[in-house]
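For reference, the chains in residue letters:
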Amino acid sequence: MKKEFKIISDLILKNSRVLDVGCGDGELMSFLFKNITQDIRGIEISKTNVQKCISKGLTVIEGNAENDLYQFPDASFDFVILGQTLQAFLSPEKVLDELLRVGKKAIVTIPNFGHWKVRLDLLFKGTMPVTASLPHHWHNTPNLHMCTIKDFFNFCDYKNIKFIKSLALNDEKLLNISKGNLSKRNLFSNIGIFLIEK
Amino acid sequence: MNKFNNIKKLIIKDQLRLDCGQTISDFPLAYETYGKLNSKKNNAILVFHALTGDQFAADINPITKKEGWWKYALGPGKAIDTEKYFVICANVLGGCMGSFGPSSINPKTGKTYGIDFPVITINDIVNAQYFLIKHFEIEKLFCVTGGSMGGMQALQFVANYPNLSHTAVPIACTSNHSAQNIGLNELGRQAIMADANWQNGKYEDNNLSPSKGLSVARMAAHITYLSKDALQEKFGRNLQERDDLKFSFDADFQIESYLRHQGSVFVDRFDANSYLYITRAMDYFDLNKKYDGNLSKAFEKSKTKFFIISFTSDWLYPSSENKEIVIALNSIGADVGYVEIESEKGHDSFLLDVPDFLETLRGFLNTSYERLNEKGI
C-alpha cells in the first residue's frame, strides 16, 4: 500500500463517517474499511473503477467532485478525502468549498509543483516538468491548476481555512509543515497532506 | 385456465386493499422458485419482472416453452447464482401467467373479468407479493431486484417494507413515470383498443383476440427497448430477402420484418387486457408524489443497502432518472452505490449478455452476502 494511504488513515478517527472523493479502484477505501471504519462511501468518475469498487463490496457512486457533491447534505461526513486530484478540476476553489461543506473535516493531498526537481526541469531543460509524482507530459496531463505546497498553504490561509495538520512527504520521510519551514518543505517534498476544516 | 394447473400458485386468503379502493381476497398469485432456501433463511432474493415478463425468470417456461427472460443473469453459476441463493419470482397481479388478472374468471358472471378487473398499481403489485415472503416464513430477504418495472417494484418494496430486505438493486428504472413513457404506453393501449376484436375488453367471451392491436403495441414498444445505434448496427437499411425495393407496403426492410415477427410472437404469449392494466400501473407509478414530492422520505426508515444500475444507451429510463433515486438516497445518508454501465443495447441491456453489468451485479451480491454472513446475520 502507498505510504500516503497509511498517513491518511492515521488522520481518521475510528468508526467515523468518511467520503473518499475520487476513490479510484477502492484501494484506500478497502484499507479504511478493514482497519478504521465501515461507514465509508466513495465517489469515482471512471466506470471501470466504480465496477471494481462495487465488486469489492464498497459503496461507491459514479460521479465527479465538481458536479455531484451537491447531493450530500452539509456536514454529513466526519472526513472527506481528496487524494491528489484538486489540481485536475476546472474550479479547485469550488471543489474545496464543497469538500468543507459536506465534510466536517477534509484531508487534501497535493503533488507538489514546488519540488526542486520540478523546478530544475523547467529551469535547465526548458520543458514542462515530468517526475515520479507528476508523470504526465504537458499535452496529456489531466492537471489544469498545478500548485505548490506553498500555494495551497497560502490559499487556505486566504480562505480562512484552518490547518489541523500539515504534513510533507519527502520520499519516505514525513515532516510537519509550519509557516516557518514552509519554503524549505516546499522545495524538498513530493506530496503535501493537509487535514483542514472551515 | 387449465394450462396453468401445473404451475406453483399461492392462494392469498387475506384481504388486500387496492389503491383504487376495492378490496380483493382469495386470489391466486403464480410464482416460481430457483435454488434452495437455506436453514437460516437468509439467502432469499425476490426478483420482480418487467411489463411483459413472468415468474419464469430462468430455465424453460413450461407454458411458452421459451427460455426465461433473465437467463443471462439468473441460474446456477450466474450473477444471481441459484446454487447460492433462493430466488422467488411472482407473476404480477394483473398478469397473464396464472396470477389474478383480467383474464381470470369472475365468479359472479362466470366470464373473464376483462375491464371489470380493478385498476391496479405498482403498490398493489408489491403488496400482493409480500404474502409470498410470509408464505415462505422469511423474516428478511437478502435482496430485492428487478429491471424496468421490476426496478420500480424494488423501490416500492423498500418504501412499503423498509426493513424486509438487506439489499436492493433497482435496475434501469425510475421513481416516477415520465410524460414520454406515459405517452408511449398510451400509444400501445390505443392500438389494442382500436382493434375491433378488442370488444371493449370482452374478446375472450366472444372467442376473439385483438392480436393486431396488441402486435402493433408490441412493435412500438420494442423500438423503445433498443437504441438507435443498436438498430442501425443490426439492421441498417438492409432489405428483407429481396434485392430491391418492391414499391409496396410489404416488409421491404429487415427492421420491418423483425418488428412484425416480434409483434406476432408476442400475441401468442401475452394477454391484451393484461397489457392495458400493467402499463397503467406503470403510468400511475409516482413514488415522489406519494411522499409529498420528497422521494427521500420513501426510504427514510430503511437501512437497506442500495445499488442502482443504469445503462448509457437507455433512453426509456435514462441514467438521469436513475440518478434522481441515488440523489434522494444520498441526501438522507443512505447506503447507495451507483454505476452507469456502458452498453449500446438500450433499455433491454439488463436482459441481455452485457458482461460489465452481470459481473458487477455478481460482485455486489456476493460481497454483500459474505458480509452478512461474517456478521452472523
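Per-chain numbering applies: the sequence of each chain, read as written, is numbered from 1 onward. As a convention, the first chain written is A and the first ligand written is 1, with the rest following in written order. Local features are withheld for residues below a pLDDT of 70 in this predicted model, meaning they are given only at 70 or higher, and side-chain atom pairs are given and counted only at 80 or more; totals for whole chains, interfaces and linings count all residues.

K.L.:
Talk me through the overall build of chain A; I want residue IDs and the actual numbers.
P.N.:
The secondary structure content of chain A amounts to eight helices and eight strands. A globule of 198 residues ought to have a C-alpha radius of gyration of about 16 Å, and chain A, at 16 Å, matches this closely. Projected onto its principal axes, the C-alpha coordinates of chain A cover approximately 50 × 35 × 30 Å. Exposure in this text rests on C-beta crowding, where 20 or more other C-beta atoms within 10 Å of a residue's own make it buried, 12 or fewer make it exposed, and counts in between make it partly exposed. The C-beta atoms are placed from the backbone. For chain A, with 198 residues in total, the buried portion stands at 42%. In chain A, the proportion of contacts linking residues at least 24 apart, taken out of those at least 6 apart, comes to 64%. Helix and strand assignments follow DSSP, with helices taken as H or I runs no shorter than four residues and strands as E runs no shorter than two, numbered in order from the N terminus. A radius of gyration in this sense is built from C-alpha atoms; the matching globule rule multiplies 2.2 Å by the number of residues raised to 0.38. Distance between backbone-placed C-beta atoms decides contact: two residues are in contact if it is within 7 Å.

K.L.:
Mind laying out the overall build of chain B, listing which residues take part and the relevant values?
P.N.:
Looking only at helices and strands, one finds 11 helices and 14 strands in chain B. What you see for chain B is a C-alpha radius of gyration of 21 Å, in line with the 21 Å of a compact globule of 377 residues. By its C-alpha atoms, chain B is 70 × 50 × 40 Å across when sized along the principal axes. A separation threshold of at least 6 residues defines the contact pool for chain B, and within that pool the share at least 24 residues apart is 69%.

K.L.:
Account for the interface of chain B and chain A, naming residues and giving values.
P.N.:
Taken together, the contact between chain B and chain A spans 21 residues of the former and 15 residues of the latter. Secondary structure elements with two or more residues in the side of chain B that touches chain A: helix 10 (319-330), strand 14 (336-341) and helix 11 (355-374) of chain B. Per-element accounting of the side of chain B that touches chain A gives the leading share, eight residues, to helix 11 of chain B. Looking at side-chain class alone, the side of chain B that touches chain A contains seven nonpolar, eight polar and six charged residues. Under the convention adopted here, Pro, Cys and the residues Ala, Val, Leu, Ile, Met, Phe, Trp and Tyr are nonpolar, Asp, Glu, Lys and Arg are charged, and Gly plus all remaining residues are polar.

K.L.:
Describe the packing of helix 3 (residues 179-194) of chain B against helix 4 (residues 211-225) of chain B, with residues and values.
P.N.:
Residue and element names in this part refer to chain B. All axes are obtained by fitting lines to C-alpha atoms, using only the stretch in contact for helices, and the reported angles, taken between N-to-C directions, cover 0 to 180 degrees. Helix 4 packs onto helix 3 with a crossing angle of 160° between their chain directions and a minimal axis gap of 7 Å. Considered as vectors, helix 3 and helix 4 are oriented roughly antiparallel to each other. As for how helix 3 packs across helix 4, the hand of that crossing is right-handed. Of the residues in helix 4, those in contact with Leu184, Leu187, Gly188, Ala191, Ile192, Met193 and Ala194 of helix 3 are Gly213, Leu214, Val216, Ala217, Ala220, Ala221 and Thr224. Of the residues contributing to the contact of helix 3 with helix 4, the split by class is 11 nonpolar, three polar and no charged. Any angle that is under 35 degrees is reported as roughly parallel, and any over 145 degrees as roughly antiparallel; angles of 65 to 115 degrees are reported as roughly perpendicular and all others as oblique. Handedness of each helix crossing follows the sense of rotation of the near helix against the far helix: counterclockwise by less than a right angle gives left-handed, clockwise gives right-handed.

K.L.:
Run through unusual backbone geometry, naming residues and quoting values.
P.N.:
Residues and elements named next belong to chain B. One non-glycine residue with positive phi stands out, namely aspartate 26, at about 55°. Here aspartate 26 lies in the loop between strand 3 (23-24) and strand 4 (27-34). Of note, the phi angle at asparagine 200 is positive, near 55°, even though the residue is not glycine. Topologically, asparagine 200 is positioned in the loop between helix 3 and helix 4.

Functional significance is not addressed by these values, which are geometric in nature.
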